[in-house]
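# Topology and contacts: notes
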Amino acid sequence: MSVEPDLRIRHVSPAFRTFCGEGALESLPRELKRVGAHRAVIICIPAVAAHTEAMGRVHEVLGERLAGQFDGVEEHSPLPSVERARDFLAEHESDAVIAVGGGSSVVTARAATILLGEGTDVRQLCTRREGDRLVSPKLAAPKLPQWVVPSSPTTAYAKAGAAVRDPETGERLALYDPKARAQGVVLDPGMALTAPPRLAWSAALNIFSMAIEGLQSCRVDPLADAQLAHALRTVVAWLPAVSKDPDQAAPRLQLMLAAILSGQGSDHSGGGLAQALSHAIGPRSSAPNGVVEALLLPHAMRFNAGTVPGRLTAIGSYLGLAGTSSPEDVVTEVERLLEVFEAPRRLQDIGVEQGALGEAASHAMDDWAITAVPRPPEGQDVRELITGAW
């Protein structure tokens with residue numbers, strides 16, 4: 001049965017400052033001065049730290065305001081590395097944080113800041129199930145101001161949440177605190193070129209998927225729709241250029257701007273089914289979360305199609321389909337674009353073992369993103385969807 005969209009809108013735009021292009025790095029010391037910060041700590045992955053020229057420019061603009069650099073970030077932000085980052089911030093008496101790199105750096109910096117500010121065990125702070133609903137605790141302690149200097153496009157720039165992985169249990173521990181949201185992002189052409197093209201590619205798939213899922217939401221917000229629609233068009237226009245012209249910064253900067261739009265827009269529209277499933281399946285695969293999410297996207301769209309057919313028709317218009325498209329036409333076009341983007345089609349092709357599907361389905365049902373989907377799934381629905389994608 002089709003659901004009529006709810007047109008009541010509450011749209012609050014958090015303060016966020018964007019600096020892009022040549023000279024953007026020079027904004028960092030001014031930003032630190034604006035909040036009275038004198039001891040900034042950089043948090044990054046080893047691969048970014050190894051780019052001595054790009055990192056040297058960041059160090060140079062920070063000057064005496066740089067208190068230290070933690071370069072122990074790990075993929076998927078496992079809890080032990082996040083705790084080491086928290087301890088580093090405390091030891092260096094940091095009063096500001098600068099995340100340099102991709103999504104793992106951004107999430108690790110945000111999570112470490114939350115753990116430092118709250119001063120208690122992560123399981124007391126994370127979203128958890130209470131009865132038949134998910135509850136996200138209110139985190140009241142002040143948090144250090146943060147900025148992002150990205151090497152790849154990621155929707156994590158603009159988010160207030162951070163999810164860390166417990167390697168002992170395989171659980172995804174989600175932390176949410178608007179006070180931990182970055183003050184802004186600095187898009188530097190040189191730093192943008194430090195990421196391998198395939199990393200920029202996989203991150204852009206997350207932008208694309210998150211925009212599509214946001215535009216399927218029952219929460220119709222024209223302001224958010226504008227952000228998501230333009231993010232979608234930007235990825236379609238610029239993603240192929242990353243592999244075609246890997247030494248050009250412009251396509252990567254365009255995708256970084258799309259990441260901001262997709263991240264901010266999806267804050268208002270809510271999460272998506274493919275997003276929730278990718279959070280559970282990603283660590284069980286050999287692929288980045290953006291690739292997993294894109295692979296699952298057509299399956300999630302077909303699951304939602306009967307609930308929000310008008311929203312899918314609108315997505316078709318944003319993708320340039322002529323006339324009034326059926327939901328299946330739109331899903332088919334998304335599949336075509338994913339093929340152009342060289343996204344894999346099956347979970348088994350990215351190293352997911354069939355025996356892991358049941359556990360992944362169970363974890364997905366406890367993911368916060370699943371609370372905002374247009375058609376809430378039952379556990380059996382999730383198992384059937386990911387089995388079909390396998």
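This text follows the structure it describes.
Because the structure is predicted, anything quoted here is derived from the model rather than measured.

### Things to note about the sheet that holds strand β10 (residues 184–187)
Across the sheet, 6 strands lie side by side as β1-β10-β7-β4-β2-β3; this open sheet has parallel pairing. Each having just a single partner strand, β1 (17–20) and β3 (66–70) make up the two edges of the open sheet. Shown here is a sheet whose adjacent strand axes are inclined to one another by a mean of 20°, direction ignored. Here helix α4 (residues 79–91) sits on the sheet in contact with β2 (40–44), β3 and β4 (96–101), set at roughly 165° to β3. Running over the sheet, helix α9 (residues 249–269) touches β1, β7 (146–150) and β10 and is turned about 170° from β10.

### Some remarks on the nonpolar core
Core analysis: the largest hydrophobic core is formed by 100 residues, its most contacted members being I43, L205, F208, L296, F341, L347 and I386. The contacts of L205, once residues within four sequence positions are left out, are L239, G290, V291, A294, L338, F341 and A343. Within the second largest apolar cluster, 22 residues are counted, among which are A40, C44, V48 and V58.

### Topic: the packing of aromatic side chains
Two aromatic rings, taken as a pair, are described by how far apart their centres are and by the angle between their planes. Scanning the model with the defined rule gives 2 aromatic pairs in all. Taken together, a centroid distance of 5.7 Å and an interplanar angle of 55° make the contact between F70 and F88 tilted. You can see F70 sitting in strand β3 and its partner F88 sitting in helix α4, a full 18 residues away along the chain. Per residue, the accessibility class of F70 equals that of F88, and both read buried. Ring centres 5.4 Å apart and planes at 90° place the aromatic pair F208 and F341 in the edge-to-face group. With F208 in helix α7 (residues 197–215) and F341 in the loop between α13 (327–340) and α14 (357–364), this residue pair connects regions lying 133 residues apart in the sequence. If you follow R198 out to its NZ or CZ, it ends over the ring of W201, 3.7 Å from the centre. The aromatic ring of F303 is capped on one face by R375, whose charged end is 3.8 Å from the ring centroid.

### As for the side chain of S81
Tracing the backbone shows S81 in helix α4. A distance of 2.9 Å separates a polar side-chain atom of S81 from the backbone oxygen of P78. Contact partners of S81, with chain neighbours within four places excluded, come to F70, G72 and E74.

Definitions and cut-offs
Residues numbered from 1 in each chain as written. Predicted model: local features only at pLDDT ≥ 70, side-chain atom pairs only at ≥ 80, totals over all residues. Heavy atoms only, no water. Pairing = 2+ DSSP bridges. Helix = DSSP H or I, 4+ residues; strand = E, 2+ residues; numbered from the N terminus. Axes fitted to C-alpha atoms, helices over the stretch in contact; angles between N-to-C directions. Contact = heavy atoms within 4.5 Å. Core = buried A, V, L, I, M, F, W, Y, C linked by side-chain atoms within 4.5 Å. Buried < 20%, exposed > 50% of the residue type's maximum accessible area, 1.4 Å probe, protein only. Phe/Tyr/Trp six-rings, centres within 6.5 Å; stacked < 30°, edge-to-face > 60°. Lys NZ or Arg CZ within 6 Å of the ring centre and 35° of its normal. Polar contact = N/O pair within 3.5 Å; in protein donor to acceptor, adjacent residues only side chain to side chain.

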